[in-house]
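An overview of the molecular structure
Letter by letter, the chains look like this.
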Amino acid sequence: AELPWRASSEDLRARGVVEHGARSLAESRKILDEHHYGLDKIKERLVQYLAVRQLTQLTSVGNASTVVASPSPSEAEAKANSKGVGVRRAPAGTENPSDGGMGGNAPTVTNVQPPPRARAPPSSASTQLSAAQTVLCFAGAPGVGKTSLGQSIAKALGRPFARVSLGGVRDEADIRGHRRTYVGAMAGRIIEAMRRARCNDPVILLDELDKTGKDIRGDPAAALLEVLDPEQNHAFVDHYLNVPFDLSKVVFLATANDVSMIPPPLLDRMELIRLAGYTLDEKVSIASRHLLPRSIRMHGVPPSHFIMPPESCAYLAEHYTREAGVRTLGRHLAALCRHAAVNVMAEVDRQNLLTSSASSATAADSDAPAGAVSPSAASKPVEFGPP
């Protein structure tokens, strides 16, 4: 009963659960540029992916709403005259009981082809096949931004984002669910992600796709073949539900570190997008724009009291982080922020101690309470530079 059988992301937006709907391509480019530095070719491919999805959706809606109506008899007669088809009227004075009392004026159309039948809207199966899109698989080293790219796509599409971690999954029942005859049976991870998303068209990221294994309980990668196949996922059957569930409207994405660990049949259903490591200049820019402001905000350090020039970021990235991504760089920046937080609080404690001593000495002459000193007013800027 909690599954979104009919609810879509548009219904969530109407209820205020989702703030925005699908964004324009210019807004999508802006979102990708704000969340990711560099990766120009990859962002261009993602913009193409979003454009194809939006265009396909508009085309399918337009075809479903267009129905050719059958022409009326007068239109059929006019069309017959335009094509040179003979239209014969009965001689005057003759009556035909079947002409509806029109005397001999009832027209008789000869050699006229029947009007074209009304074209029905495309069936759901054909619409699903025409609107099927490629499943993108982001492959690269840890920390290069694979998961955040999926979140940016969900934000650009205006859909909820759900992440399914597949690392260490060895049981096929984790994908297809357990049968209800077993004790402790539960639905599979795909259906659980749909329940969390609360709509039938979310963006689901299959994280760590290359970390799945197989044993005597089955192969999860084989179960994912039905999930990612656009010709089959419109009637995906979870063992716990035991009824078909439509997954054709879901935008599936995947991430992997080692592509060689993905089975070839499963890899054939996805488009591989490789994310290479960042250069030194890109790491410095990412640290200045994203990592350092986030670390300062998380550790509560006043921004005006933490000074780190770009040369220090370059020295830190070059001598302390030998990786393709930026996770280790983020950890080192967090360590510097903790050091700055200790210095700031030490200065705050010293100022508060001096204030309390002065206030206690003048307590008999003044009734004003002693106030605590704020970190921004008490501390001095902490500057980190290269040795």
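As a reminder, the structure under discussion sits directly above these lines.
Since the model is a prediction, treat every value here as computed from it, not as a measurement.

1. Remarks on the overall build of the protein
For the protein, the count of helices and strands is 14 helices and 11 strands. Across the 387 residues of the protein, 37% fall into the buried class. Within the protein, contacts between residues at least 6 apart in sequence are counted, and of these 76% link residues at least 24 apart. Counting every atom, the protein has about 22100 Å² of accessible surface; 53% of that belongs to carbon and sulfur.

2. Considering the environment of G188
Residue placement: G188 occurs in the loop between helix 7 (173-176) and helix 8 (189-197). Look at G188 and you get buried, because its relative accessible area is 0%. Between the C-alpha atom of G188 and that of D238, which follows or precedes it by 50 residues, the distance is 6.9 Å.

3. Quick word on helix 12 (residues 310-320)
Among the residues of helix 12, S312, C313, L316 and A317 are the ones counted as buried. Looking down the long axis of helix 12, one finds its buried residues gathered within 130° of arc, a one-sided arrangement. Exposed and facing more than 90 degrees away from the buried side of helix 12 are P310 and E311.

4. Focus: the side chain of K283
The residue K283 is located in helix 11 (residues 280-299) in this model. No salt bridge is formed by the buried K283; the nearest opposite charge belongs to E323, separated by 5.4 Å. Not counting residues within four places of it along the chain, the set of residues in contact with K283 comprises Y278, A317, T321, E323, A324, G325, V326 and L329.

5. Here we look at the packing of aromatic side chains
Counting across every chain of the model gives 2 aromatic pairs. Seen from the ring of Y240, R180 lies directly overhead, with NZ or CZ sitting 5.9 Å from the centre.

6. Looking at the packing of helix 11 against helix 12
Axis separation between helix 11 and helix 12 bottoms out at 9 Å; the angle between their running directions is 120°. It follows that helix 11 is oblique to helix 12 by the angle criterion. Note that helix 11 runs across helix 12; the crossing there is right-handed. Every residue of helix 12 that contacts helix 11 at L280, K283, V284, A287 and S288 is listed here: P310, C313, A314, A317 and E318. Here the residues of the contact of helix 11 with helix 12 sort into 7 nonpolar, 1 polar and 2 charged.

7. Considerations on the pattern of salt bridges
Should the charged atoms of two oppositely charged side chains come close, the side chains can pair. Enumeration according to the criterion identifies 12 salt bridges in this entry. Residue R195 pairs with E2 through a salt bridge whose shortest N-O separation is 3.7 Å. Placement of the pair is R195 in helix 8 and E2 in the segment before helix 1 (9-14), with a sequence separation of 193 residues. Where E226 meets R176, a salt bridge forms, and the shortest distance between an N and an O atom there is 2.8 Å. In this pair, E226 sits in helix 9 (residues 220-228) while R176 sits in helix 7, placing the two residues 50 residues apart along the sequence. Note on E226: relative accessible area 14%, which makes it buried. One salt-bridge network, in which partners are shared between bridges, spans E2, E192 and R195.

8. Brief notes about the environment of R170
Looking at the element boundaries, R170 is found in the loop between strand 4 (161-165) and helix 7. Considered as a pair, R170 and R217 are 47 residues apart in the sequence and their alpha carbons are 7.4 Å apart. Apart from the residues lying within four places of it in its own chain, the contact partners of R170 are G213, K214, D215, R217, G218 and P220.

9. A few points about the sheet that holds strand 4
Read from one edge to the other, the open sheet built from 5 strands follows the order 4-5-8-3-9, with strand pairing classed as parallel. With partners counted over all chains shown, the strands left at the sheet margins are strand 4 and strand 9 (270-275), one partner each. Each strand axis lies, on average, 20° off the axis of its neighbour in the sheet, ignoring direction. Across the sheet, helix 8 lies against strand 4 and strand 5 (203-207), angled at about 155° from strand 4, the strand it touches most.

10. Here we look at the packing of helix 2 (residues 25-35) against helix 6 (residues 146-157)
For the pair helix 2 and helix 6, interaxial distance at closest approach is 9 Å and the crossing angle is 150°. Taken together, the axis directions place helix 2 and helix 6 in an arrangement best described as roughly antiparallel. The handedness of the crossing between helix 2 and helix 6 comes out as right-handed. Between helix 2 and helix 6, the contacting residues are S28, I31, L32 and H35 on the first element and S152, K155 and A156 on the second. Taken together, the residues of the contact of helix 2 with helix 6 break down into 3 nonpolar, 3 polar and 1 charged.

Conventions adopted
- Residues numbered from 1 in each chain as written.
- Predicted model: local features only at pLDDT ≥ 70, side-chain atom pairs only at ≥ 80, totals over all residues.
- Heavy atoms only, no water.
- Helix = DSSP H or I, 4+ residues; strand = E, 2+ residues; numbered from the N terminus.
- Buried < 20%, exposed > 50% of the residue type's maximum accessible area, 1.4 Å probe, protein only.
- Contact = heavy atoms within 4.5 Å.
- Areas by Shrake-Rupley, 256 points an atom, 1.4 Å probe, with all protein chains shown as cover.
- Arc of directions from axis to C-beta.
- Lys, Arg positive; Asp, Glu negative; His and termini not counted.
- Salt bridge = Lys/Arg side-chain N within 4 Å of Asp/Glu carboxyl O.
- Phe/Tyr/Trp six-rings, centres within 6.5 Å; stacked < 30°, edge-to-face > 60°.
- Lys NZ or Arg CZ within 6 Å of the ring centre and 35° of its normal.
- Axes fitted to C-alpha atoms, helices over the stretch in contact; angles between N-to-C directions.
- Parallel < 35°, antiparallel > 145°, perpendicular 65-115°, else oblique.
- Left-handed = near helix turned anticlockwise from the far one by under 90°.
- Nonpolar A, V, L, I, M, F, W, Y, C, P; charged D, E, K, R; others polar.
- Pairing = 2+ DSSP bridges.

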